[in-house]
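# Report on the structure
One letter stands for each residue in the lines below.
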Amino acid sequence: VEFGNQLRVSRLDGKTVIITGANTGIGKETARDLARRGARIIMACRDLERAEEARRDILEDTGNENVVIRKLDLSDTKSIRAFAELIIKEEKQLNILINNAGVMMCPYSKTADGFELQLGVNHLGHVLLTYLLLDLIKHSAPARIVVVASVAHTWTGLRLDDINSERSYDTMKAYGQSKLANVLFARSLAKRLQGTGVSVFSLHPGVVQSDLWRHQHQCIQVAVKIFRIFTKTTVEGAQTTIYCAVEAGLESQSGGYFSDCAPARCSRTASDDDLAQQLWEITCNMLGITWQ
Ligand SMILES: NC(=O)c1ccc[n+]([C@@H]2O[C@H](COP(=O)([O-])OP(=O)(O)OC[C@H]3O[C@@H](n4cnc5c(N)ncnc54)[C@H](OP(=O)(O)O)[C@@H]3O)[C@@H](O)[C@H]2O)c1
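Residues numbered from 1 in each chain as written. Predicted model: local features only at pLDDT ≥ 70, side-chain atom pairs only at ≥ 80, totals over all residues. Heavy atoms only, no water.

Under an unreviewed UniProt entry, the protein has the name Retinol dehydrogenase 12-like and belongs to Echeneis naucrates. A UniProt comment under Sequence similarities (unreviewed entry) is attached to the protein, and it reads "Belongs to the short-chain dehydrogenases/reductases (SDR) family." (UniProt positions renumbered as here; feature names shortened; annotations may be inferred.)

Okay, here's the thing in structure tokens:
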């Protein structure tokens with residue numbers, strides 16, 4: 001992936017960034033890159049031991065001591081609320097929120113609040129997190145919210161009558177639905193934030209050799225590693241996230257979907273305004289929040 005000059009040189013000294021799922025994969029490489037640019041990095045992770053290993057690696061590599069870990073389990077709204085409360089208490093600003101953590105095609109299970117896990121972690125947990133941190137983000141504008149979605153959003157539609165997959169569960173469709181929800185949410189949020197100085201982007205990172213494949217058959221895990229021409233390393237996979245977080249002049253494209261560090265086309269379903277509004281209402285109902 002080619003970088004523009006601006007992206008290569010842009011510094012983030014004095015800026016604060018939160019990255020969910022920063023202990024491994026795309027999130028960790030995003031954290032490493034933004035730490036190198038001088039930002040204060042808050043690694044929002046559920047496994048503090050693995051997060052500490054990653055933090056030490058990033059510190060050794062970048063020399064940035066302003067990289068901290070805070071506990072966040074996106075499959076539990078209590079944990080999300082406790083995390084947000086702590087951030088609001090501790091931080092004076094939040095310039096970039098990167099909603100990166102995700103789980104893919106796992107066996108059926110539910111979050112602590114009874115949501116299907118992929119929808120719960122990938123979409124609902126991040127919506128609640130964004131909602132709780134939004135005043136701080138607005139106060140820090142110009143600011144950005146980056147949603148790591150996927151081309152998997154094209155795999156399916158939204159099952160509005162059974163969004164929690166209680167009547168039937170298909171691992172692929174549930175993942176696709178959660179990623180479609182990511183793209184729809186980014187577009188809806190960008191509209192609501194017009195004029196606030198906060199921009200929102202969603203993106204596909206590419207097919208990346210990460211732990212995301214942990215629930216797949218071993219043959220698939222091996223194939224992702226072997227067929228390197230079709231897949232990206234985690235460093236390469238982090239580039240579009242980094243681009244959306246730091247590239248200058250993207251504000252006019254708020255609400256847009258990106259791939260390979262460039263604007264990309266999302267599916268027609270993901271551009272449906274009525275569907276986006278319905279999802280917004282269902283999401284708020286499920287989370288018990290009032291967000292016009
Ligand atoms: N890899 C790909 O080919 C690909 C393609 C398209 C989109 N994406 C998207 O890219 C994002 C990053 O994925 P990745 O490839 O870097 O996968 P990864 O290596 O598996 O990283 C996922 C991260 O999410 C965290 N996470 C999972 N459940 C969580 C929870 N309940 N609370 C907090 N954190 C949680 C994981 O923490 P633990 O380490 O504790 O499990 C891990 O840090 C995901 O949103 C994924 O859908 C990836």
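Now that the structure has been shown, the text picks up again.
Looking now at the environment of Trp291. Mapped onto the elements of the fold, Trp291 is located in the segment after helix H10 (273-287). With ten residues separating them in the primary sequence, Trp291 and Glu281 have C-alpha atoms 8.6 Å apart. The residues contacting Trp291, other than those within four sequence positions of it, are Val127, Thr130, Tyr131, Leu134, Phe185, Leu189, Trp280 and Cys284. (Helix = DSSP H or I, 4+ residues; strand = E, 2+ residues; numbered from the N terminus. Contact = heavy atoms within 4.5 Å.)

One way to put it is that helix H2 (residues 25-36) packs onto helix H9 (residues 239-246) with a least axis distance of 9 Å and a crossing angle of 45°. Relative to H9, H2 is oriented oblique. The interaxial crossing formed by H2 with H9 has right-handed handedness. On H9, the residues touching Ile26, Glu29, Thr30, Asp33 and Leu34 of H2 are Thr241, Ile242 and Val246. (Axes fitted to C-alpha atoms, helices over the stretch in contact; angles between N-to-C directions. Parallel < 35°, antiparallel > 145°, perpendicular 65-115°, else oblique. Left-handed = near helix turned anticlockwise from the far one by under 90°.)

Around the ligand sit 31 residues in total, of which Asn23, Arg46, Tyr175, Val208 and Ser210 are the nearest. Side-chain polar atom of Arg50 to an oxygen atom of the ligand: 2.8 Å apart, as the coordinates give it. One of the side-chain N or O atoms of Lys179 is found 2.9 Å from an oxygen atom in the ligand. Looking at the shell around the ligand, the elements that each hand over two or more residues are H2 and helix H6 (171-192). In terms of residue class, the shell around the ligand is built from 13 nonpolar, eleven polar and seven charged. (Near = heavy atom within 4 Å. Polar contact = N/O pair within 3.5 Å; in protein donor to acceptor, adjacent residues only side chain to side chain. Nonpolar A, V, L, I, M, F, W, Y, C, P; charged D, E, K, R; others polar.)

Further remarks concern the environment of Ser188. Summarising the element assignment, Ser188 is placed in helix H6. Sequence spacing of Ser188 and His123 is 65 residues, and the spatial spacing of their C-alpha atoms is 13 Å. Once residues within four sequence positions are removed from consideration, Ser188 is found in contact with Ala276 and Trp280.

Okay, unusual backbone geometry next. A cis amide bond, omega 5°, links Ala141 with the succeeding residue Pro142. Position of Pro142 among the secondary structure elements: in the loop between helix H5 (117-139) and strand E5 (143-148). The backbone of Asp260 sits at a positive phi, close to 50°, despite the residue not being glycine. Residue Cys261 is not a glycine yet carries a positive backbone phi of 55°. Mapped onto the elements, Cys261 comes out in the loop between strand E7 (257-259) and strand E8 (262-263).

Quick look at the packing of aromatic side chains now. For the coordinates displayed, the defined rule picks out eight aromatic pairs. Consider the rings of Phe185 and Trp280, whose centres lie 5.7 Å apart with planes at 25°: the pair is stacked. Here Phe185, found in helix H6, pairs with Trp280, found in helix H10; they are 95 residues apart in sequence, far enough to count as distant. A single burial state applies to Phe185 and to Trp280, both of which are buried. (Phe/Tyr/Trp six-rings, centres within 6.5 Å; stacked < 30°, edge-to-face > 60°. Buried < 20%, exposed > 50% of the residue type's maximum accessible area, 1.4 Å probe, protein only.)

Glancing now at the environment of Ile282. Its place among the elements puts Ile282 in helix H10. In this structure Ile282 comes out as partly exposed when scored by relative accessible area, which is 21%. C-alpha separation for the pair Ile282 and Asp73, spaced 209 residues apart in sequence, amounts to 22 Å. Once residues lying within four places of it in the same chain are set aside, the contact partners of Ile282 are Leu160 and Ile163.

A separate point is H2. Between its terminal C-alpha atoms H2 stretches 17 Å, which fits the 16 Å expected from twelve residues at 1.5 Å a residue. With eleven of twelve residues buried, H2 is to be regarded as a mostly interior element. Within H2, burial applies to Gly25, Ile26, Gly27, Lys28, Glu29, Thr30, Ala31, Arg32, Asp33, Leu34 and Ala35. Of the residues trailing H2, Gly38 is marked for its positive phi of about 95°. (Expected span 1.5 Å × (residues − 1).)

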